[in-house]
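# Observations on the model geometry
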Amino acid sequence: GTARSFEYNAAKIEDAIETVMKLKRPYGLLGYSQGCANALTAESLLLSGSPKQQDLLVNETCPLVCRQLLFSAGNGSMHGPASDTKMQRLIVMGEEFFKYQQGYFSRALTSSVLELLNNIMDSAPFQKIIGGAQSMLPDGCRAFWREAQHLAHIPTCTMRGIMEEHTTPEALEMLSSLLTKQAGSALHDSQVHFYDAVGYPVYIHNRNGRLLKKCAIGDGAIQRTHHWSPLSDEVEFVQTKKDVSRAIFECAKDRHVFPWVDVNVRFGIIKYAKEVTTEQDAVGMELTRGTQNPK
């Protein structure tokens, strides 16, 4: 879920993998934005977990065979440290404001306001948001990549984007300008820069990082698009007449997934099914590790 910790989302992914295992089909990990870090965390926790958890990755019948990362936020975003700095300044400003107001209001009102603020910050939703925000901060990313473990034989495809004036939704104009101002570079999709949206650590150098970099298939061609391009119904409420007239959100959605499938088919990682026997096989192919030839 959005604004939840790596571990919480990784546990949900593990549950989904267990469901896939019941279908007796190999699978791939598909992540979007923060979901890329969540997927990589799930793989890391399974690989370093119990023999039963490791079997979810390397099972002979239904193993993990490939990864696809869309606009990956696995290396964090400049929005994170910038927001952290602004929040610290806001807290100092708030403290100075309330100290000044103490001379004008009663002790009872002051205590009530402080208690209300403490209750808000101690609440479960607030703590969940803070936990999820760690994924965007340098410290959170450093802790994740320092301990991460991943399989060395799994190819990783990525999709990255750079916004232009004619591909920018009105809802992202301020966010895009903010990121450009903060980072000093306009080479981003409104939330992550193209050089950070890769499937390996950029700012942490260790053995696992070198391993993941070797798994990357070309790092993906850079798309002329924005961070919300995979979304449709989810962003309908923020679409403006200008967005509709320019068809900002009406790009080909299949380009986010099927090139990944085609690349893995071309290299024999994904195989076509020999025959269609059930509704689940009706998609036309299955992922296998066997030696059968594509149909």
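Scoring rules and cut-offs
Residues numbered from 1 in each chain as written. Predicted model: local features only at pLDDT ≥ 70, side-chain atom pairs only at ≥ 80, totals over all residues. Heavy atoms only, no water. Phe/Tyr/Trp six-rings, centres within 6.5 Å; stacked < 30°, edge-to-face > 60°. Buried < 20%, exposed > 50% of the residue type's maximum accessible area, 1.4 Å probe, protein only. Helix = DSSP H or I, 4+ residues; strand = E, 2+ residues; numbered from the N terminus. Core = buried A, V, L, I, M, F, W, Y, C linked by side-chain atoms within 4.5 Å. Contact = heavy atoms within 4.5 Å. pLDDT = per-residue confidence, 0-100. Arc of directions from axis to C-beta. Polar contact = N/O pair within 3.5 Å; in protein donor to acceptor, adjacent residues only side chain to side chain. Expected span 1.5 Å × (residues − 1). Patch = residues over 30% accessible without salt bridge, like charges linked within 9 Å, V, L, I, M, F, W, Y side chains within 5 Å. Areas by Shrake-Rupley, 256 points an atom, 1.4 Å probe, with all protein chains shown as cover. Salt bridge = Lys/Arg side-chain N within 4 Å of Asp/Glu carboxyl O.

## Quick notes on the packing of aromatic side chains
Tallying each qualifying case throughout the model produces 6 aromatic pairs. Where Phe-144 meets Trp-145, the ring centres are 4.6 Å apart and the plane angle is 50°; that geometry is what we call tilted. Across this residue pair, the class does not change: Phe-144 and Trp-145 are buried. One aromatic cluster is present, built from ring pairs that chain together Phe-6, Phe-144 and Trp-145.

## Things to note about the side chain of Ser-190
Its location among the elements puts Ser-190 in the loop between helix H8 (173-183) and helix H9 (207-215). A relative accessible area of 0% means that Ser-190 is categorised as buried.

## Some points on the nonpolar core
The biggest cluster of nonpolar side chains holds 15 residues, and the ones touching the most others in it are Ile-13, Ile-17, Tyr-27, Leu-29, Leu-57 and Leu-64. Among the secondary structure elements, those contributing two or more residues to this core are helix H1 (6-23), strand S1 (27-32), helix H2 (34-47) and helix H3 (51-58). Per element, the largest residue contribution to this core is 4 residues, and it comes from H1. Excluding residues within four positions of it along the chain, Ile-13 makes contact with Leu-29, Asn-38, Ala-39 and Ala-42. Residues Phe-6, Ala-37, Cys-141 and Tyr-200 belong to the second largest nonpolar core, which totals 13 residues.

## Some points on the confidence of the model for the protein
One rule of thumb: low pLDDT means the predicted coordinates there are not for detailed reading. Averaged over every residue, the pLDDT of the protein is 84; residues scoring 70 or more account for 90%. Helix H6 (residues 124-133) is the least confidently modelled element of the protein, averaging 72 in pLDDT, while H9 averages 94, the highest of any element. Segment residues 282-295: pLDDT under 50, and 35 contacts once partners within four positions in sequence are set aside and those in other chains are kept.

## Focus on H9
When H9 is considered as a whole, its buried residues turn out to be Asn-208, Gly-209, Leu-211, Leu-212 and Cys-215. Seen end-on, H9 carries its buried residues on one side only, within an arc spanning 160°. Turned more than 90 degrees off the buried face of H9, the exposed positions are Arg-207, Arg-210, Lys-213 and Lys-214. Looking at the buried residues of H9, the elements they touch are strand S2 (64-70), helix H7 (138-147) and strand S3 (156-161). Its side-chain oxygen placed 3.4 Å from the backbone nitrogen of Asn-208, Asn-206 serves as the N-cap of H9.

## Overview of H2
Taking 1.5 Å of rise per residue, the 14 residues of H2 would be expected to cover 20 Å, and the 20 Å separating its terminal C-alpha atoms lies within 8% of that figure. Counting buried positions over the 14 residues of H2 gives 11, a clear majority of the element. All of the buried residues along H2 are Gln-34, Cys-36, Ala-37, Asn-38, Ala-39, Leu-40, Thr-41, Ala-42, Glu-43, Ser-44 and Leu-46.

## A closer look at a nonpolar patch on the surface
Residues Phe-97, Phe-98, Leu-114, Leu-116, Leu-117, Ile-120, Met-121, Phe-126 and Ile-130 make up a contiguous nonpolar surface patch of about 790 Å² in total accessible area. When residues of the nonpolar patch are traced back to their parent elements, those giving at least two are helix H4 (79-101), helix H5 (107-122) and H6. By the secondary structure assignment, Phe-126 is in helix H6. Taking relative accessible area as the criterion, Phe-126 reaches 30% and is therefore assigned partly exposed.

## Overview of the pattern of salt bridges
Within the structure shown, the criterion is met by 5 salt bridges. Two residues, Glu-43 and Arg-67, come together in a salt bridge whose shortest N-O distance is 2.8 Å. Of the two residues, Glu-43 is situated in helix H2 and Arg-67 in strand S2; the sequence distance between them amounts to 24 residues. The exposure classification of Glu-43 matches that of Arg-67, with both residues buried. Among the ionic pairs, Lys-99 bridges to Glu-95, the shortest N-O distance being 3.5 Å. One end of the pair, Lys-99, and the other, Glu-95, are both in helix H4, 4 residues apart, so they sit about a helical turn from each other. Overall, Lys-99 belongs to the exposed group, its relative accessible area being 52%.

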